[in-house]
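# Analysis of the macromolecular model
Each chain, written out:
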Amino acid sequence: MSIHLIKEIDKLRKLALRLAGIVEENLLKSVSLLEHKNTERLYELKQADESIDALEVEVEEECLKVLALHQPVAADLRYIICILKMNNDLERIGDLAVNIGKKANRLSALSDNIFSRALHEMGTQATEMVHDALNTLINSDIDLAREVCVRDDSLDDIKTSLNEKLIEAIKLNPENTNDYIAAFGIVRNIERVGDLATNICEDVIYSLTGEIIRHNYHTSLDN
């Protein structure tokens, strides 16, 4: 690998980590709104999301420039592809953070009850998955990447349980239906954050090993 390509990849890595830092901070703020509503913090989320969008475009342009000018191969090519795909996932997590914040501020009837706490706990778990997913990239940690992928199943189980409880709550308290519908949206958004964290880990594994684990199809000789 040429010295110039090394410098370009290092620049790309720093840009991507800068984007990741802003996204993670925004996600933490949005999850905090599930327990403590704050109009000013919601405004901060929206402002930061504009920075995320702009930086996402910059990272993509840098990736395309490196691909066009240097035509990297093997591990270098996989790394740039990983950054390019992660870049898109991070931007989407940023959008989901804003959605969560908006819906959280509308949950007036759910304040200080079991649902707001459960949503906060689910959001915290998803945030930890994002944090660990980013660490897999920083530290080239394949074991942690695989662990985060497994944790996504737990988040899916929480989503199913919460949705069932929300359906029952609508039956018992139909006057709060609008709040419960917003809560459904938050559950869906948080679950999607977990999916995107998993995507990042799968891409890191591909970058480091060349192994594609996104689609694990199992065939049986009995079929």
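A few points on the structure. (Residues numbered from 1 in each chain as written. Predicted model: local features only at pLDDT ≥ 70, side-chain atom pairs only at ≥ 80, totals over all residues. Heavy atoms only, no water.)

## As for the pattern of salt bridges
Keep this limit in mind: The rule for a salt bridge is simple: a side-chain nitrogen of Lys or Arg has to be within 4 Å of a carboxyl oxygen of Asp or Glu. Runs of E in the DSSP output that reach at least two residues are strands. Runs of H or I that reach at least four are helices, and both are numbered from the N terminus. Between buried and exposed lies partly exposed: a residue is buried under 20% and exposed over 50% of the maximum accessible area for its type, with that area taken using a 1.4 Å probe on protein chains only.
Counted according to the given criterion, the structure contains 12 salt bridges. A salt bridge links glutamate 44 to lysine 29, with the nearest nitrogen and oxygen atoms 3.3 Å apart. Separated by 15 residues along the polypeptide, glutamate 44 in helix H2 (residues 39–70) and lysine 29 in helix H1 (residues 3–32) bring together distant segments of the chain. Glutamate 44 sits in the partly exposed class, given a relative accessible area of 30%. With relative accessibility at 18%, the residue lysine 29 sits in the buried group. Residue arginine 151 is joined to aspartate 132 by a salt bridge in which the shortest nitrogen-to-oxygen separation is 3.0 Å. Placement of the pair is arginine 151 in helix H5 (residues 142–172) and aspartate 132 in helix H4 (residues 114–139), with a sequence separation of 19 residues. Classification of aspartate 132 by relative accessible area gives buried; the value is 17%.

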